[in-house]
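Each chain, letter by letter, is given below.
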Amino acid sequence: MTFLLGFEITAHTFGVGIVKNGKILANLRSAYTTEKGGIIPMDAVAHHKKKKYSTYEEALKKANIKEKDIDAIAFSQGPGLAPCLLVGMKFTQEIAEKLKVPIVPVNHCIAHLEIGRITGAKDPVMLYASGANTQIIAYASGKFRIFGETLDVGVGNFIDNFARNAGVGFPGGPKVQEMAEKGKTLVEIPYRIKGMDVAFSGILTNLRQKIQSKKYNLNDLAYSLQEVVFAMLVEISERALAHTGKKELLLGGRVGCNKRLQEMCSIMCKERKAKFFCPPNDLLTDNGSMIAYLGEILFKNGEFIFLKDIDKIDIAPRQRTDDVEIKYR
């Protein structure tokens, strides 16, 4: 029996997950939010420091285990906001030293992909749509390869920025979805695909100008944003399916919680006779369970750091998905 503890602290979420033999026993999270404006890294850090012990203890109670039952601790090494990653690394080291267990560094993006296994997906193309990341990923020749990605900002940060300009707080995604559901008119905005890549900064500038002009209904702008930007993401996902010959599309990342994006992906997959997979929302948003889930796979494959080498552990704020060698497949 292996109990894997996972800490997710890459940005706004402090997440704790506990997994045993691929089964999620606990998935607790505490998220930093604002009423107005975007994420302030040092405020997020203060939130995480305040919530770390209570969230950890609550996860142990949820899993109905004791600290002594934990066999190893996985943590999100990167990519992410360095101040937040440091909180996660130091807390992991603290608990690991207390429990005398090894540590498993985990790539945040790959964790989003691997947790998709619980849906039944076996060899998918993943549309990874999160705050800072927007990538089309598939496994090939020992690594998760990036077949397309954003050239500027992640789609989640783009939506949050639109929401900030529209006068709502962080995270903006759920609020923009609510606004879009009330929208009725498709407003013309740029459509920016460059090969297999996408770009959002020009679209954001266009939307900001429209908001400032006060000539457009905000709900219509939110509706138009979703229709255009999600169509871009679905288009490059379909191209990746065609290029790789794979027959499965997996949605990952917090923007994947959007019902309209799920609907558009599902329609595309039906049209090309592919299968569409989407985890539940609590596994799409940043969470500790995905870190523990991948951590268990790595731990059982012997990919961990012994306690005696704890000082060699570091964060990797800019680590790319395709930087990581996959040894367990």
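None of the values given here were measured: they were computed from a predicted structure.

On to the overall build of the chain, then. Summing up its helical and strand segments, the chain has ten helices and twelve strands in all. Radius of gyration (C-alpha) of the chain: 20 Å, near the 20 Å computed for a compact globule of 329 residues. Expressed along its principal axes, the backbone C-alpha trace of the chain runs to roughly 60 × 45 × 30 Å. Expressed as a percentage of its 329 residues, the buried residues of the chain come to 57%. Put simply, 76% of the contacts in the chain that link residues at least 6 apart link residues at least 24 apart. For the chain, the computed accessible surface area is about 14,400 Å², with 49% contributed by carbon and sulfur atoms. The positive charge centre, built from 46 side chains, and the negative charge centre, built from 36, are 2 Å apart in the chain.

Three- or four-residue spacings in an α-helix give side chains the same orientation, since the helix completes a turn every 3.6 residues. With 13 residues, helix α10 (residues 288–300) ought to run about 18 Å at 1.5 Å a step, and its terminal C-alpha atoms sit 18 Å apart, in line with that. In terms of residue burial, α10 counts as a mostly covered element, since twelve of its 13 residues are buried. Buried residues of α10: Gly288, Ser289, Met290, Ile291, Ala292, Tyr293, Leu294, Gly295, Glu296, Ile297, Leu298 and Phe299, and no others. Where α10 starts, the residue carrying a side-chain oxygen 3.2 Å from the main-chain nitrogen of serine 289 turns out to be asparagine 287. A positive phi of about 80 degrees marks glycine 302, the residue just after α10.

What follows concerns the pattern of salt bridges. Applying the stated criterion across every chain yields a total of 15 salt bridges. Between aspartate 123 and lysine 246 there is a salt bridge, with the nearest N and O atoms lying 2.8 Å from each other. Separated by 123 residues along the polypeptide, aspartate 123 in the loop between α3 (108–114) and β6 (125–129) and lysine 246 in the loop between α7 (218–244) and β11 (248–252) bring together distant segments of the chain. In this structure, lysine 308 and aspartate 309 form a salt bridge, with 3.2 Å as the shortest nitrogen-oxygen distance. Taking the relative accessible area as the measure of exposure, lysine 308 reaches 70% and is therefore exposed. One network of salt bridges, with partners in common, ties together Glu114, Arg117 and Arg329.

Considering all chains together, one arrives at eleven aromatic pairs under this definition. Arranged with centres 5.3 Å apart and planes meeting at 20 degrees, the rings of phenylalanine 158 and phenylalanine 200 form a pair that is stacked. Of this pair, phenylalanine 158 sits in helix α4 (residues 155–165) while phenylalanine 200 sits in the loop between β10 (197–198) and α6 (201–213), placing them 42 residues apart in sequence. Just as phenylalanine 158 is buried, phenylalanine 200 falls in that class too.

Moving on, we get to the environment of aspartate 220. Take aspartate 220: it is sitting in helix α7. The class of aspartate 220 is buried, set by a relative accessible area of 14%. Along the chain, aspartate 220 and lysine 182 lie 38 residues apart, while their C-alpha atoms are 7.6 Å from each other. Once you skip the residues sitting within four places of it in the chain, aspartate 220 turns out to touch Gly183, Lys184, Thr185 and Val187.

For the coordinates displayed, the defined rule picks out two cavities of 30 Å³ or more. In this structure, the largest cavity spans a volume of roughly 40 Å³. If you go around the largest cavity, the residues you meet are Leu113, Glu114, Gly116, Arg117, Ala121, Lys122, Pro124, Leu250 and Arg329. Residue classes in the lining of the largest cavity are distributed as four nonpolar, one polar and four charged.

Another point: the environment of arginine 239. Turning to its location among the elements, arginine 239 is positioned in helix α7. The partly exposed category is assigned to arginine 239, whose relative accessible area is 35%. As a C-alpha pair, arginine 239 and leucine 221 span 18 residues in sequence and 27 Å in three-dimensional space. Those residues in contact with arginine 239 that lie beyond four places of it in its chain are Ile193, Gly195 and Met196.

Look at lysine 246 and you get buried, because its relative accessible area is 13%. Side chain to side chain, lysine 246 and aspartate 123 meet in a polar contact 2.8 Å long. Among residues more than four places away in sequence, those in contact with lysine 246 are Asp123, Pro124, Val125, Ala138, Tyr139 and Leu241.

Rules of the game
Residues numbered from 1 in each chain as written. Predicted model: local features only at pLDDT ≥ 70, side-chain atom pairs only at ≥ 80, totals over all residues. Heavy atoms only, no water. Helix = DSSP H or I, 4+ residues; strand = E, 2+ residues; numbered from the N terminus. Rg over C-alpha atoms; globule rule 2.2 N^0.38 Å. Buried < 20%, exposed > 50% of the residue type's maximum accessible area, 1.4 Å probe, protein only. Contact = heavy atoms within 4.5 Å. Areas by Shrake-Rupley, 256 points an atom, 1.4 Å probe, with all protein chains shown as cover. Lys, Arg positive; Asp, Glu negative; His and termini not counted. Charge placed at Lys NZ, Arg CZ, Asp CG, Glu CD. Expected span 1.5 Å × (residues − 1). Polar contact = N/O pair within 3.5 Å; in protein donor to acceptor, adjacent residues only side chain to side chain. Salt bridge = Lys/Arg side-chain N within 4 Å of Asp/Glu carboxyl O. Phe/Tyr/Trp six-rings, centres within 6.5 Å; stacked < 30°, edge-to-face > 60°. 1 Å grid on protein atoms, 1.4 Å probe; cavity = no way out; pocket = protein on both sides within 12 Å on 5 of 7 lines; lining within 4 Å. Points joined across faces, edges and corners; volume = space filled by probe spheres on them. Nonpolar A, V, L, I, M, F, W, Y, C, P; charged D, E, K, R; others polar.

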